[in-house]
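# Architecture and fold: a report
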Amino acid sequence: MSILDVERLRGYRVPECRETYDARDTILYALGVGAGLSDTVDELNLVFERDLVALPTMALVLGTPGFWAMDPKAGLDWVQILHGEQSLRLHRPLASQDTLIGRTEIGPMADKGPGKPVMLRSSRTLATTSGALVAEMTETWVLRGAGGFGGPRELEQEPRVSMPDRAPDAALDLPTSRQQALIYRLSGDRNPLHVDPGTARKGGFDGPILHGLGTLGVVARAIIHLCAQGDPRRLSAINVRFTAPVVPGDMIRTELWLEADGAIRFRATVPAREVTVVDGGTAELWQT
């Protein structure tokens, strides 16, 4: 990747997006993050229009023009972009059908030096057509090889979350399918890195990898089953740091720790490959 053209990126405006979604979209998203694959949890409420409930992480694919980094006007080498961190906070449970407006803002950047990455943070809000705030999100991308423009070296951020020095309080294994990325991309992120072997090799991978937000959806499902009795409407916030990609077909193990103040800390691994794929995770629930 060549040195980031900061002025070009700063001049780019991510299109505002008004999106109407229905029960079919809600079910498709749930299938894209693995709902219904496990025989150990009941997820009929995620995939059947009768009493359908939306997963809160569906907010991450709503009100967005998709993987906007692929727009040539942004000036990014999108094949070299990795998803580093993601946060989501809901202000009310997500409805299974609605019309929402998404607004995305490109935020601060950190230059790690010539030949090294640039860290890029953006933020997005989802609101109803009447203006009521539904969700707030931030994400950090790693622009590999784009450093050297002379910007600040670090992004301001909260201290890294560490896991307690004890065995996890609960854990759940959830499978992904070899088709997982093929299904997930139908919810909006059409980045070929996740479907085309040639593009994946250009990105430095042996083959297509699962979307980071697809991994987050699997992990959020595990937290919902372990902490919220399977009710997605109780998850109000989630924050993660992605540390390695998931390969479609991997089994993802989510381990979590329950703190005295009600906070949830978690990490996710792929035991078969002995790799941690999500670390420093935190989550919050609405209390019943």
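Our subject is the structure listed above.
In this numbering scheme, every chain counts its residues from 1 along its sequence in written order. The predicted nature of this model means local features are confined to residues of pLDDT at least 70 and side-chain atom pairs, given and counted, to a pLDDT of 80 or more, with totals for whole chains, interfaces and linings taken over all residues. Calculation of side-chain values draws on the structure's entire complement of heavy atoms; hydrogens and water are dropped beforehand.

Okay, the overall build of the chain next. The helix and strand tally for the chain stands at six helices and 10 strands. What the globule rule says is 2.2 Å times the number of residues to the power 0.38, and the radius of gyration is computed from C-alpha atoms. A compact globule built from 288 residues would reach a C-alpha radius of gyration of about 19 Å, and the chain, at 18 Å, matches this within 12%. Along the first, second and third principal axes, the C-alpha atoms of the chain reach 50 × 45 × 40 Å. A simple rule labels every residue: compare its accessible area, found with a 1.4 Å probe on the protein chains alone, to the largest value its type can have, and call it buried under 20%, exposed over 50%, or partly exposed in between. Of all 288 residues assigned to the chain, the portion counted as buried reaches 52%. Values of accessible area rely on a 1.4 Å probe in the Shrake-Rupley scheme; residue burial ignores everything except the protein chains shown. Approximately 13400 Å² of the chain is accessible, and the part contributed by carbon and sulfur atoms is 49%. Charged residues are defined narrowly, with Lys and Arg counted positive, Asp and Glu counted negative, and His plus the chain ends left uncounted. Charged groups are reduced to one reference atom each: NZ for lysine, CZ for arginine, CG for aspartic acid, CD for glutamic acid. Separation between the mean location of the 31 positive side-chain charges and that of the 36 negative ones in the chain comes to 4 Å. Secondary structure elements follow DSSP: runs of H or I of four or more residues count as helices, runs of E of two or more count as strands, with numbering from the N terminus.

The subject of this paragraph is the packing of aromatic side chains. Aromatic pairs are defined between Phe, Tyr and Trp rings, using the six-membered ring for Trp, whenever the two ring centres lie within 6.5 Å; interplanar angles under 30 degrees are classed as stacked, those over 60 as edge-to-face, and all others as tilted. Applying the stated criterion across every chain yields a total of four aromatic pairs. Taking 5.8 Å as the distance between ring centres and 25° as the angle between the ring planes, the aromatic pair formed by Y12 and W68 counts as stacked. On the criterion of sequence distance, the pair formed by Y12 in the loop between α1 (6–10) and β1 (17–21) and W68 in the loop between α3 (44–47) and β2 (81–90) is long-range, its members being 56 residues apart. Here a set of aromatic residues connected by ring pairs shows up, and it is made of Y12, F67, W68 and W141.

You can see V33 is positioned in the loop between α2 (23–32) and α3. For the pair V33 and L55, spaced 22 residues apart in sequence, the C-alpha to C-alpha distance is 9.7 Å.

Moving on: unusual backbone geometry. Phi angles above zero are rare outside glycine, and Q229 is one such case at about 50°. You can see Q229 is positioned in the loop between α6 (212–227) and β7 (235–242). Take Q229: its relative accessible area is 66%, and that puts it in the exposed class. One non-glycine residue with positive phi stands out, namely E274, at about 55°. Within the secondary structure, E274 is located in the loop between β9 (264–270) and β10 (275–285). Owing to a relative accessible area of 76%, E274 belongs among the exposed residues under this scheme.

Right, let's talk about α6 for a bit. For an α-helix the count is 3.6 residues per turn, leaving residues at separations of three or four pointing the same way. Given the number of residues in a helix, its expected span is that number minus one, multiplied by 1.5 Å. With 16 residues, α6 extends 22 Å between its outermost C-alpha atoms, agreeing within 8% with the 22 Å of an ideal straight helix rising 1.5 Å per residue. Summarising burial for α6: 14 of the 16 residues are buried, a large majority.

Attention now moves to α2. Looking at α2, one finds that the buried residues are T26, I27, L28, Y29, A30 and G32. Its buried side turned inward, α2 meets β1, α3, α4 (180–184) and α6. Pairs of N or O atoms within 3.5 Å make up the polar contacts considered here, provided that, within protein, one atom can donate a hydrogen while the other can accept it, and that residues adjacent in sequence are counted only when both atoms are side-chain atoms. N-capping of α2 is provided by D22, with a side-chain oxygen placed 3.1 Å from the backbone N of R24. Between two residues, a contact is recorded if the distance between any of their heavy atoms is within 4.5 Å.

Here we have 10 strands laid out as an open sheet, ordered β1-β3-β4-β5-β2-β7-β10-β9-β8-β6, and antiparallel in their pairing. Looking at which strands have only one partner, the edges of the open sheet turn out to be β1 and β6 (170–175). Strand-to-strand twist of the sheet, defined as the mean angle between neighbouring strand axes without regard to direction, takes the value 25°. We call two strands paired when DSSP finds no fewer than two bridges between them. When β2 meets strand β5 (residues 133–143), the two strands line up antiparallel, connected through nine bridges. The partner of Q86 across the bridge, within β5, is E139. Helix axes use the C-alpha atoms of the stretch in contact, all axes being lines fitted to C-alpha atoms, and the angles between their N-to-C directions lie in the range 0 to 180 degrees. Where α6 meets the sheet, it contacts β2, β6, β7, β8 (251–258), β9 and β10, and its direction lies at approximately 50° from that of β8.

Right, let's talk about the nonpolar core for a bit. Only buried residues count toward a nonpolar core. Its members are Ala, Val, Leu, Ile, Met, Phe, Trp, Tyr and Cys residues joined through side-chain atoms within 4.5 Å. L88, L94, L126, A135, I223, I238 and F266 are the most contacted members of the largest nonpolar core, which has 52 residues in total. Sort the elements by how many residues they give to this core and α6 lands first, with nine residues. Apart from residues lying up to four places away in sequence, L88 is in contact with P56, T57, A59, L60, A135, E136, M137, S236, A237, I238 and N239. L4, V14, A69 and V79 belong to the second-largest nonpolar core, a separate cluster that totals 20 residues.

Time to look at the pairing of β2. With seven of 10 residues buried, β2 lies mostly within the body of the structure. Relative to β7, β2 runs antiparallel, the two being bridged by five bridges. Residue pairing for β7: L88 is matched across the bridge by I238.

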